[in-house]
Amino acid sequence: MPRTRATLAVTGSTGALGGDVARLLADLEPRLIVRDASRAPSIAGSTLAVASYDDREASASALRGVDVLFMVSASESRTRREDHRTFIAAAASAGVGHLVYTSFAGAAEDATFTLGRDHHDAEAAIRESGMRFTLLRDNFYLDVLPFFADESGAIRGPAGQGRVAAVARADVADVAAVVLGAPEEHLDAAYELTGPEALTLDEVAARAGTVLGRDLRYVEETLDQAYGSRRAAYDVEQWQLDAWVSTYTAIADGSTARVTDDVERVVGRPARTLEQALGPAPAG
Ligand SMILES: NC(=O)c1ccc[n+]([C@@H]2O[C@H](COP(=O)([O-])OP(=O)(O)OC[C@H]3O[C@@H](n4cnc5c(N)ncnc54)[C@H](OP(=O)(O)O)[C@@H]3O)[C@@H](O)[C@H]2O)c1
């Protein structure tokens, strides 16, 4: 007798990663769980449900009948941990069997990158929930690093000469698609997703600048300079400053330097390089 196909749900499809995953899995007719239906991507065969992570009732209702869930971590906010926990609890109560979560490489209670502590908390909630799970522990996104530059092309921060094994977002999407296509092969697994090499920010700036046709450079700041420059430019809360600055201190202290072959192990080809992640140089 043919097996009934699992019902798959994907969050974050109005964003970069969830959108890529939803498109890669279009054949599986995913249920897209979005906060705003008017911004949902148009994917033939997919269905829509509306819920925000902080709304337990709407989330449980959106997740009813779902077997496998791809949960993109929420945007950074003061209530992120709580919102993650609300959504994870809603998933468990709705009967979701397997949750695939985008975590962070080195997620830990005392992670240098302060948002890595949120991911540790989400991982703990997932483990406690009783659902089966797969954790995709992503390093920083390769294709986001050039956007750390200011208008003058300077990437400023206290990263010293530390290294970052950043991963292409497209590789995270490819790994997620393989896992979600055969979830029973990845039960309770944790993958640390990195690029093929660990780069200093000098190297990132030089190579990304060449690909993007921009004059990028890394300018090392002290910790005091990093807090001072951001405090002067933005009216934001301390947790936000800590998140921004600790992106660099995590690079400085080696937290982001480990290179793994997990992308290759899951998708069967090497991880994209910085040049492949950023695409060919613009013509002319
Ligand atoms: N490793 C890294 O370097 C790195 C860098 C950036 C981000 N991240 C993390 O990875 C995630 C995915 O990255 P991305 O580039 O795809 O980000 P993105 O383009 O900003 O997309 C985030 C998606 O998550 C949804 N979302 C955010 N908060 C939510 C909430 N509280 N409830 C329900 N949905 C929510 C957003 O919905 P709306 O469209 O309604 O806002 C959007 O669809 C980010 O959310 C962040 O947690 C990691």
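Quick note: structure is the one above.
Thresholds applied
Residues numbered from 1 in each chain as written. Predicted model: local features only at pLDDT ≥ 70, side-chain atom pairs only at ≥ 80, totals over all residues. Heavy atoms only, no water. Near = heavy atom within 4 Å. Polar contact = N/O pair within 3.5 Å; in protein donor to acceptor, adjacent residues only side chain to side chain. Areas by Shrake-Rupley, 256 points an atom, 1.4 Å probe, with all protein chains shown as cover. Nonpolar A, V, L, I, M, F, W, Y, C, P; charged D, E, K, R; others polar. Helix = DSSP H or I, 4+ residues; strand = E, 2+ residues; numbered from the N terminus. Contact = heavy atoms within 4.5 Å. Pairing = 2+ DSSP bridges. Axes fitted to C-alpha atoms, helices over the stretch in contact; angles between N-to-C directions. Phe/Tyr/Trp six-rings, centres within 6.5 Å; stacked < 30°, edge-to-face > 60°. Buried < 20%, exposed > 50% of the residue type's maximum accessible area, 1.4 Å probe, protein only. Parallel < 35°, antiparallel > 145°, perpendicular 65-115°, else oblique. Left-handed = near helix turned anticlockwise from the far one by under 90°.

Caption draft 1: Spatial organisation of the site of the ligand. Near the ligand, the surroundings consist of 19 residues, among which Thr-14, Leu-17, Ser-73, Tyr-141 and Arg-169 are the closest. At a separation of 2.8 Å, an oxygen atom of the ligand approaches a polar side-chain atom of Arg-35. Computed on the free molecule, the ligand has an accessible area of 890 Å², of which 78% lies beneath the protein chains in the complex. Split by residue class, the shell around the ligand holds 7 nonpolar, 8 polar and 4 charged.

Caption draft 2: The environment of Asp-188, seen in detail. Within the secondary structure, Asp-188 is located in the loop between α5 (169–181) and β8 (189–193). For the pair Asp-188 and Arg-127, spaced 61 residues apart in the sequence, the C-alpha separation amounts to 8.9 Å. Residues contacting Asp-188, with those up to four places away along its chain left out, are Arg-132 and Phe-133. Among the polar contacts made by the side chain of Asp-188, one reaches the side chain of Arg-132 at a distance of 3.0 Å.

Caption draft 3: Seen up close, the sheet that holds β8. Taken in spatial order, the 7 strands of this open sheet run β3-β2-β1-β4-β5-β6-β8, and their pairing is parallel. Both outer strands of the open sheet, β3 (47–50) and β8, are each paired with one neighbouring strand and no more. Mean inter-strand twist for the sheet, computed between neighbouring axes without regard to direction, equals 20°. In terms of strand pairing, strand β1 (residues 8–11) meets strand β4 (residues 68–71) through 3 bridges, oriented parallel. Each residue of the ladder has a partner; that of Ala-9, found in β4, is Leu-69. The strands touched by helix α2 (residues 56–63) within the sheet are β1, β2 (31–34), β3 and β4, with β2 carrying the most contacts at an inclination of about 170°. Packing against the sheet, helix α3 (residues 80–94) makes contact with β1, β4 and β5 (98–104), and its axis sits at approximately 170° to β4.

Caption draft 4: Molecular detail of the environment of Arg-127. Inspection of the secondary structure puts Arg-127 in helix α4 (residues 114–129). Contact partners of Arg-127, with chain neighbours within four places excluded, come to Phe-133, Leu-135 and Arg-137.

Caption draft 5: The packing of aromatic side chains, seen in detail. Throughout the structure, instances matching the rule amount to 6 aromatic pairs. Seen in terms of ring centroids, Phe-104 and Phe-113 are 4.9 Å apart; in terms of plane orientation they differ by 55°. Their pairing is tilted. Across the pair, Phe-113 and Phe-104 agree in class, each one buried. Aromatic ring contacts, followed pair by pair, group Phe-104, Phe-113 and Phe-140 into a single cluster.

Caption draft 6: Examining the packing of helix α1 (residues 16–24) against α5 more closely. Relative orientation of the contacting elements α1 and α5 amounts to 45°, with a least axis distance of 9 Å. The orientation of α1 with respect to α5, classified from their angle, is oblique. Judged by the sense of rotation from one axis to the other, the crossing of α1 with α5 is right-handed. Contact residues: α1 offers Ala-16, Leu-17, Asp-20, Val-21 and Leu-24, while α5 offers Arg-169, Val-172, Ala-173, Asp-174, Ala-176, Ala-177 and Leu-180. Here the contact of α1 with α5 is built from residues that sort into 9 nonpolar, no polar and 3 charged.

Note that all results are geometric; they support no functional claim without further evidence.
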